[in-house]
Amino acid sequence: MNDINLLENQPIAWTPTEEVKERAQLTKFMKQVGVSTFDELYQFSINDVEKFTAEVLRFLDIKFDPPYKKLLDLSDGIEFPNWCGSAGFNVVSHCVDRWQTDEMKDQPAIIWEGEEGLETNEGEPGETQTLSYKELMYQVGDCAAGLRANGFGKNDAIGIHLPMIPETIIALLAIARIGAIAIPVFSGYGVEAIASRMNAVGAKALITCDGFPRRGKNVRAFEVAEQAILTCPTIEKIIVANRSDLEDEPISKNPKVLTWYDLMSQGIQPWNLFKRKIAKTKAEDPLIILYTSGTTGKPKGIAHTHCSFPIKAAQDMAFGTDVGKGTRISWLTDIGWMMGPWLIYGALIRGATICIYDGAPDFPAPDRMWEFCAKHKVEILGISPTLVRSLATHGDDLPKKHDLSSLRAFASTGEPWNPAPWWWLFEKVGDSKLPIINYSGGTEISGGILMNNPLVPIKPCGFSAPCPGIDADILNDKGESVGESEVGELAIKKPWIGMARGFWQERERYLETYWNRFENIWVHGDWAMRDADGHYFILGRSDDTLKIAGKRVGPAEVESILVAHPSVAEAAVIGVPDEIKGTKMIAFVVLKTDATENLESELKQTVAKDMGKPLAPSKIHFVSALPKTRNGKIMRRVLRSAYLGEDAGDLSALENPKAVEEIMQKTQPAIS
């Protein structure tokens, strides 16, 4: 925990003005519940979680048909709360249907822009598209009718393998509209990563695209998706949106292929118009399964319902990032990471405008994002520390070339900040006036445990408070609250509406992951500390999960791919600090045979093929043995310490301590 001293005694960097406080959505909510300070609000929110949640539902104007009889039922234990009972609720009605009013129907729901610099891209380079709430309603209806016309319906699992384009949003909403379950996957995933997730849920369809541009080159998404479904026997259709328009010939002769155009055309046929209707679903019916990797075994399918993930997303978006009707919010994300669906559900429930950019954020020039924000008058920009670290290397003048006067706040999640890039964004881009809404939680939370907000002063790299409704604490090994500046496990003591409804068909694994440490307490897996002023700081994961450029990946997934190579006997991967990515992946491999000249490159390419290029190891070290406990568990903590030249602590549990010496000898010269 060498970073602790960097976080103690941090100064207040930003303090809200009276104007900011007055306009804040959080202020409006506080007036609704009758409190005058944020501290009062927070205490109310954790002292009576049920009453607080009822007030949130009223603030978000959530209507149930029929209404719930009991808001929170803990009959099955705190681990499996039942929220909203048997109330009727389909979230799509609150994303599009309710905005078909004179005030809202012509307001922009989506503003999209594609990457510049790919001459074969459909339309002109840097093509833009805007959909009003009325246009979005029609397209979601057409897509829903098209899906139903092809035999898909309630509780069917449908995968989404798309970049952030309008079709992605339409598909996510249409799947919910028919009562089906969305399974988003990262647009850059390889064959095995897609196939394993589709097979885990028995998906009946996969929505992809022909390809999409990244840095002027075409990513052939369809080719990867088509290969993936070869091992997915439940897939009946692969629906292909046209994004690249690279060829005039049909994209495939595969009989399972259905083009997006044909799907939508089927939806507008007169005999299918009745299929546009919204499915009658219950608040606790499954809505989406979001896959996140753990430290061991296969990826975890986080199950969420119509009233869980979207409600928490909209709450955090309102109270943290101050989003209301008409607010233009952009987040650099992907549909496969939780912030993609979070952005879509949260913004549309709030009646806001989603501004999405489909492309590399620093291509064709490093000021691409600032140009995008100026052009579309973005108010809230979600941007990762990794990207900020990269943009800062290009100098302080690039942001000043663009009119960023529309920006009201930055937001950030996915990985811890380092002080230097935080200050660069705050001072050089935000002119020391715009708050950075730091946000930390997870897919299982449906958003944040900790979050800055417009009413409380902000410290660099920190969090001003827990999210309202989240009874957060920092605990020691005995489950006791730690004192100020002491490090412990971040935990939650009471249920909240956005909590995961378990892992998909893996009840015991869910309980083991979050609930088995302390009775009736959710242990999240983050090291955290709280300073003397009550500000929180995240110090990293307490498990072995890697976050590479903000993308979470479990070591076991990568290790399995490496070990599948005929030359590899064993493998282990770790994450280590990197100036640009934040964290980079390092692999250690034990070989069956001598290493060939090109083996490292070959193994990297193998991982990139199955997991996507961003999740390939930066470096592979060949070693004779991995540090293991006597029961055969690989000690990644020891690997990481050896690589970084740090004290590995107690090695008494190791079966082979000499493995640590070899790793230090091989890696220390490389990193010195």
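I will try to describe carefully the structure that is included in this document.

Cut-off values and rules
- Numbering of residues begins from 1 in every chain and follows the order in which that chain's sequence is written.
- It should be noted that, the model being predicted, local features are given only for residues of pLDDT at least 70 and side-chain atom pairs only at 80 or more, the latter also being counted only at that level, while totals for whole chains, interfaces and linings use all residues.
- The basis for every side-chain value is the complete set of non-hydrogen atoms in the structure, without hydrogens or water.
- A run of H or I in DSSP counts as a helix once it spans at least four residues, and a run of E counts as a strand once it spans at least two, with each numbered from the N terminus.
- This radius of gyration counts C-alpha atoms alone. The globule rule is 2.2 Å times how many residues there are, raised to the power 0.38.
- Any two residues whose heavy atoms approach within 4.5 Å at even a single point are treated as in contact.
- Per-residue and other accessible areas were derived by the Shrake-Rupley procedure at a 1.4 Å probe size, with only the shown protein chains allowed to occlude residues.
- The charge count includes Lys and Arg as positive and Asp and Glu as negative, but it does not include His or the ends of the chains.
- Each charge is placed at NZ for Lys, CZ for Arg, CG for Asp and CD for Glu.
- We count a salt bridge whenever a side-chain nitrogen from Lys or Arg sits within 4 Å of a carboxyl oxygen from Asp or Glu.
- Burial here depends on accessible area, computed with a 1.4 Å probe over protein chains only, as a share of the maximum for the residue type. Under 20% is buried, over 50% is exposed, and the range in between is partly exposed.
- Criterion used throughout: strands pair if DSSP finds at least two bridges between them.
- Lines fitted to C-alpha atoms define the axes, with helix axes restricted to the stretch in contact, and inter-axis angles between N-to-C directions lie between 0 and 180 degrees.
- Here, the term right-handed applies to a crossover whose path from the first strand over the helix to the second runs clockwise when the strands point away from the viewer.

**Brief notes about the overall build of the chain**
- For the chain, the count of helices and strands is 21 helices and 28 strands.
- Whereas a compact globule of 672 residues would reach a radius of gyration of roughly 26 Å, the chain reaches 24 Å, a difference of no more than 12%.
- Its C-alpha atoms give the chain principal-axis dimensions of about 70 × 65 × 55 Å.
- Considering only contacts in the chain between residues 6 or more positions apart, those separated by 24 or more positions represent 72%.
- Carbon and sulfur atoms make up 48% of the accessible area of the chain, which totals about 26,200 Å².
- Computed over 73 positive and 89 negative side-chain charges, the separation of the two mean positions in the chain equals 4 Å.

**Points about the pattern of salt bridges**
- According to the stated counting rule, one finds 36 salt bridges in the structure shown.
- Residue Asp61 is joined to Lys63 by a salt bridge in which the shortest nitrogen-to-oxygen separation is 2.2 Å.
- A relative accessible area of 37% means that Asp61 is categorised as partly exposed.
- Among the residues examined, Lys63 registers a relative accessible area of 52% and is labelled exposed.
- Across the pair Asp97 and Arg177 runs a salt bridge whose closest N-O atoms are separated by 2.9 Å. Linking Asp97 in the loop between α6 (92-95) and β3 (108-114) with Arg177 in helix α8 (residues 166-177), this pair joins segments that are 80 residues apart in sequence.
- Note on Asp97: relative accessible area 25%, which makes it partly exposed.
- Classification of Arg177 as buried rests on a relative accessible area of 5%.
- Each member of the salt-bridge network shares a partner with another, and the members are Arg23, Asp322, Glu379 and Arg408.

**What about the sheet that holds strand β15 (residues 353-358)?**
- Within the open sheet, the eight strands sit side by side as β4-β3-β15-β14-β16-β17-β18-β19. Their pairing is mixed. Looking along the sheet, the strands with just one partner apiece sit at the ends: β4 (128-132) and β19 (447-451). Adjacent strand axes in the sheet meet at a mean angle of 25° when their direction is disregarded.
- Bridging between strand β18 (residues 436-442) and β19 involves four bridges; their strand directions are antiparallel. The residue bridging Ser440 from the neighbouring strand is Leu450, located in β19.
- Strands in contact with helix α14 (residues 368-376) are β3, β4, β14 (328-331), β15, β16 (380-382) and β17 (409-412); relative to β3, the strand with the most contacts, it is inclined by about 145°.

**Some words on the pairing of strand β5 (residues 157-160)**
- Neither face of β5 is exposed, since Ala157 and Gly159 on one face and Ile158 and Ile160 on the opposite face are all buried.
- Judged from the four bridges that link them, β5 and strand β6 (residues 181-184) form a sheet pairing that is parallel. Its bridge partner being in β6, Ile158 is matched across the sheet by Ala182.
- For the crossover from β5 across α8 to β6, the handedness is right-handed.
- In the sheet, β5 pairs with strand β7 (residues 205-209) via three bridges, with the strands oriented parallel. Counterpart to Ile158 in the pairing with β7 is Ala205.

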